[in-house]
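Reading the structure
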Number of protein chains: 2
Amino acid sequence: MNLEDIARKAGVSRSTVSRVINDAPNVSATTRDRVRQIIEAEKFHPNAAARALVTRRTDVIGVVIPSVENIFFTDNSYWPMLLAGLGQALRAEDYAMLLWMGEVTDNDERLMRKVSNHHMVDGLVFASLTGDHPMQSHLLEMRSPIVMIDKPYYNADCLSYVSIDNVRAGEMATEHLIKLGRKRIAHITGHLTITDGNDRLQGYKNALRNAGLPIDDNLIYEGLFHRDAGYAGMKHLLQFKPDAVFAGGDTIAIGVLQAAHEAGVRIPDDVSVIGFDDIDVARTAIPQLTTIRQPVLRKGEVAARMVLDMVEGRTQGPQQVLLPTELVIRKSCGAG
Amino acid sequence: MNLEDIARKAGVSRSTVSRVINDAPNVSATTRDRVRQIIEAEKFHPNAAARALVTRRTDVIGVVIPSVENIFFTDNSYWPMLLAGLGQALRAEDYAMLLWMGEVTDNDERLMRKVSNHHMVDGLVFASLTGDHPMQSHLLEMRSPIVMIDKPYYNADCLSYVSIDNVRAGEMATEHLIKLGRKRIAHITGHLTITDGNDRLQGYKNALRNAGLPIDDNLIYEGLFHRDAGYAGMKHLLQFKPDAVFAGGDTIAIGVLQAAHEAGVRIPDDVSVIGFDDIDVARTAIPQLTTIRQPVLRKGEVAARMVLDMVEGRTQGPQQVLLPTELVIRKSCGAG
DNA sequence: TTGTACGCGTTATCAC
DNA sequence: GTGATAACGCGTACAA
């Protein structure tokens, strides 16, 4: 069943049927109706491949999540939220989403080839690409529109991305602890090969400096965006007697809580803990986490809209969007 | 840059280039090498749409997650794990994954039309389709291979699916509580419009009956696969003094723990709690959850392999696969 | 072993 | 307002 068949049944040419389907002008109302009825009756839907061949458009956007470790190692709602935001915004403009997820066991090189050789997408969204990922070197040469989620580690000026102001957010988190009178404020970082992790560390240092507090390397633990890293980090930091911990992510903070619990350290009485992201675990943790909220769902939505703007030619040149963050005060820092 | 261009540069015909690309026989080693080199040098990759048009294959499998409520309302790693398993198995056979997620705000009807009219997939996987979903009535008429994750609510005989033996698993959970000497065993169900929820309830009843214990409707709370339902359910059940709760899902159990905590009911001393799934929160809950583990990642893998088997013509007719479950004993039930 | 020629189902560009 | 007809890029019988 194709255009030709419909045309024959309607007693018109295939051109006319095509025009009807694409809501093109120059079709009389009566023929348009007649053709529409036949299409409806036959449940006809044009062949996507044929259409893509000639229009060079597939109405599909590729989404790449290179590192999925968090999915396995933590109760992390970050990726699902991002996907939900992306999917929602893409569907609103009748695009579909082609998803590639990296594997822990897999070599990234292979994934990268799959992605960049797949000609069935009009544009691409990359989420949280680490600085050492092999895809990095290929980003600039790809012909299809690309939007990064989170600030790229390299070439940030030449790439479109949506992120948050992590430096400022890191400052906010640390300032909150300072305002509570904490003096020995530790920081457990996320991946430093992701700009987010780096920038939050920068914000932490800025805040200390601005407050005239010393920056003590003993109080900085280079971690990863995992609960396990938070756990190990807190175990390590306890010897240096921190009175507060700024965790680079909520999942990190969960590990911190657990290590503190095991060591008999009371949160927030002995040590204030602040997280980052405000993902679901922040509310269910005991005590509930004070944290910096970032709009994850919205990040996905905006990324989708940005790539669609590029695909549809509504924007040109790289664009950078920073979304606002917000301090959410709960129980883990004490009176706030 | 297309086949023709490569052919010209290599001094051969388009057909030969096509043969080389598709590893077809009847090409001399020397020409094959020469053509390969040119392809490599030009970084040529055949146009997917053109190829799909003639082969009627896209090497894309569609994955539909109709209801994503859990993503938003609970710290739920179920979907990510499923997606990871699917993605992994699909990629292993060089297929890509087209993902549709339902929206809380959206009408399912629209999503359904999008999915069933999208001609760019060779097969489809549906995850946890509820009995009342509008897609139900269209499942049997769809021409492309379909695999359901979890037993379909209707027409289970005519559809391929991968699931677990939820009845037996429900029995196992309940039997464990019985073996611990519990007498007033309550059950908070998941969605009863999902077969899984229903079957686990059935297993619960079976186990009680087999043990000669009464089935008390007051001790059965019809919930949903949400933490909130677990919370509400436990609040409600407390008046009937249960000494154990079988939660239809781990996220439900998390809500149970919270409600118990707030009511001053000690877990497991006063009430044993057993969950279902063994998703991440089971290990991080306090106390750690005793639960029935189901192989979520593997469910995704198997579903992918099943749909690929159908697409590639390796199997015919509907197939049903049940994966094994396992009792995981932790802290929330007491000595076990 | 290699090349020719046709068809896949659609859109776009013409003529009418 | 409508209908031929030429692409789009590839796979593949069939001929050479």
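Reading the values: rules and limits
Residues numbered from 1 in each chain as written. Chains lettered and ligands numbered in written order. Predicted model: local features only at pLDDT ≥ 70, side-chain atom pairs only at ≥ 80, totals over all residues. Helix = DSSP H or I, 4+ residues; strand = E, 2+ residues; numbered from the N terminus. Rg over C-alpha atoms; globule rule 2.2 N^0.38 Å. Buried ≥ 20, exposed ≤ 12 C-beta atoms within 10 Å, placed from the backbone. Contact = placed C-beta atoms within 7 Å. Pairing = 2+ DSSP bridges. Near = placed C-beta within 6 Å. Nonpolar A, V, L, I, M, F, W, Y, C, P; charged D, E, K, R; others polar. Least-squares fit on C-alpha atoms with pLDDT ≥ 70 in both. Axes fitted to C-alpha atoms, helices over the stretch in contact; angles between N-to-C directions. Domains from an automatic or database assignment. Parallel < 35°, antiparallel > 145°, perpendicular 65-115°, else oblique. Left-handed = near helix turned anticlockwise from the far one by under 90°.

**Some points on the overall build of chain A**
From N to C terminus, chain A includes 13 helices and 12 strands. For a compact globule of 336 residues, the expected C-alpha radius of gyration is about 20 Å, and chain A comes in at 25 Å, more than 25% above that figure. In terms of overall dimensions, chain A has C-alpha extents of about 85 × 35 × 35 Å along its principal axes. For chain A, buried positions account for 51% of its 336 residues. Taking the intrachain contacts of chain A between residues at least 6 apart in sequence as the baseline, contacts between residues at least 24 apart amount to 69%.

**Looking at the sheet that holds strand β7 (residues 220–221) of chain B**
Residues and elements named next belong to chain B. The 6 strands lie next to each other as β7-β6-β8-β9-β10-β12, forming an open sheet whose pairing is mixed. Since the sheet does not close on itself, it has two edges, and those belong to β7 and β12 (326–328), each with one partner. Pairing between strand β6 (residues 185–188) and strand β8 (residues 244–247): 4 bridges, direction parallel. Looking across to β8, one finds that Ala186 is bridged to Val245.

**So, the protein's contact with DNA strand C**
Close contacts around DNA strand C come from 25 residues, with Asn2, Leu3, Ser18, Asn47 and Ala50 of chain A the closest. Going through the elements one at a time, α2 (14–21) and α4 (48–55) of chain A together with α2 (14–21) and α4 (48–55) of chain B are the ones with two or more residues in the surface near DNA strand C. It is α4 of chain A that provides the largest number of residues to the surface near DNA strand C, a total of 5 residues. Looking at side-chain class alone, the surface near DNA strand C contains 10 nonpolar, 12 polar and 3 charged residues.

**Overview of the relation of the copies chain B and chain A**
Expressed as a screw operation, the relation of chain B to chain A combines 0.0 Å of axial shift with a rotation of 180°, fitting to an RMSD of 0.0 Å. The superposition of one copy onto the other is thereby described by a two-fold rotation axis. A symmetric contact is evident, with 100% of the interface residues of chain B recurring at the interface of chain A.

**Observations concerning the protein's contact with DNA strand D**
Residues in contact with DNA strand D amount to 23 residues; listed here are only the nearest, Ser13 and Asn26 of chain A together with Asn2, Leu3 and Asn47 of chain B. Mapped by element, the contributors of at least two residues to the surface near DNA strand D are α2 and α4 of chain A together with α2 and α4 of chain B. Across the surface near DNA strand D, the residue classes break down as 10 nonpolar, 12 polar and 1 charged.

**Notes on the sheet that holds strand β5 (residues 160–164) of chain A**
Spatially, β11(A)-β5(A)-β4(A)-β3(A)-β1(A)-β2(A)-β2(B)-β1(B)-β3(B)-β4(B)-β5(B)-β11(B) is the arrangement adopted by the 12 strands of the open sheet, whose pairing is mixed. The open sheet has two edge strands, β11 (320–323) of chain A together with β11 (320–323) of chain B, and neither has a second partner. Averaged over all neighbouring strand pairs, the angle between strand axes comes to 20°, with direction disregarded. Of the strand pairs in this sheet, β5 of chain A and β11 of chain A are connected by 4 bridges, and their pairing is parallel. The residue bridging Val162 of chain A from the neighbouring strand is Val321 of chain A, located in β11 of chain A.

**Digging into the pairing of strand β4 (residues 146–149) of chain A**
Residue and element names in this part refer to chain A. Both faces of β4 are covered, namely the face carrying Ile146 and Met148 and the face carrying Val147 and Ile149. In the sheet, strand β3 (residues 123–127) pairs with β4 via 4 bridges, with the strands oriented parallel. Bridged to Leu124 within β4 is Ile146.

**Considerations on the domain arrangement of chain A**
Note: interface size is frequently given as the accessible area lost on complex formation between the parts. Partitioning chain A into structural domains gives domain 1 (3–55), domain 2 (60–164 + 296–323) and domain 3 (166–294 + 327–333). For domain 1 of chain A and domain 3 of chain A, the distance between their C-alpha centroids amounts to 60 Å.

**Topic: the environment of Asp309 of chain A**
Residue and element names in this part refer to chain A. Note on placement: Asp309 falls in helix α13 (residues 296–311). For Asp309 and Pro145, which are 164 residues apart along the polypeptide, the C-alpha to C-alpha distance reads 9.4 Å. With near-sequence residues (within four places) excluded, Asp309 lies in contact with Arg314 and Thr315.

**A word on the environment of Asp122 of chain B**
Residues and elements named next belong to chain B. Along the chain, Asp122 falls in the loop between α7 (108–117) and β3 (123–127). Given 20 C-beta atoms within 10 Å, Asp122 falls into the buried group. For the pair Asp122 and Glu40, spaced 82 residues apart in the sequence, the C-alpha separation amounts to 29 Å.

**Structural notes on the pairing of strand β1 (residues 60–65) of chain B**
Residue and element names in this part refer to chain B. With 6 of its 6 residues buried, β1 lies for the most part within the structure. Across the two faces of β1 the burial is the same, with Val60, Gly62 and Val64 and Ile61, Val63 and Ile65 all buried. Strand direction decides the pairing type here: β1 and strand β2 (residues 96–101), joined by 6 bridges, are parallel. When the bridges of β2 are listed, Gly62 appears paired with Leu98. In terms of strand pairing, β1 meets β3 through 4 bridges, oriented parallel. Bridging across to β3, Ile61 finds its partner in Gly123.

**Considerations on the interface of chain B and chain A**
The interface is formed by 38 residues belonging to chain B together with 38 residues belonging to chain A. Of all elements in the fold, only α4, α6 (78–92), β2, α7 and α12 (280–284) of chain B reach the threshold of two or more residues within the side of chain B that touches chain A. Per element, the largest residue contribution to the side of chain B that touches chain A is 8 residues, and it comes from α6 of chain B. Looking at side-chain class alone, the side of chain B that touches chain A contains 22 nonpolar, 11 polar and 5 charged residues. Summarising the sheet, strand β2 (residues 96–101) of chain A and β2 of chain B pair through 3 bridges and their orientation is antiparallel. Residue pairing in the sheet places Leu99 of chain A in a bridge with Met97 of chain B of β2 of chain B.

**A closer look at the packing of helix α10 (residues 227–237) of chain A against helix α11 (residues 250–263) of chain A**
Residue and element names in this part refer to chain A. Interaxial distance between α10 and α11 falls to 6 Å at its minimum, and their mutual angle equals 45°. Overall, the two elements α10 and α11 adopt an arrangement that is oblique. Every pair of crossing elements has a handedness; the one defined by α10 and α11 is right-handed. Of α11, the residues touching α10 (which contributes Arg227, Asp228, Ala229, Gly230, Tyr231, Met234 and Lys235) are Thr251, Ile252, Ala253, Ile254, Gly255, Val256, Gln258, Ala259 and Ala260. For the contact of α10 with α11, the class distribution of residues is 9 nonpolar, 4 polar and 3 charged.

**Focus on the environment of Met120 of chain B**
Its location among the elements puts Met120 of chain B in the loop between α7 and β3. Judged by the 23 C-beta atoms lying within 10 Å of it, Met120 of chain B is buried. Here the alpha-carbon distance between Met120 of chain B and Ala24 of chain B, two residues 96 residues apart in the chain, equals 25 Å. Setting aside chain neighbours within four positions, we find Met120 of chain B in contact with Ala48 and Val60 of chain A together with Thr58, Val60 and Leu98 of chain B.

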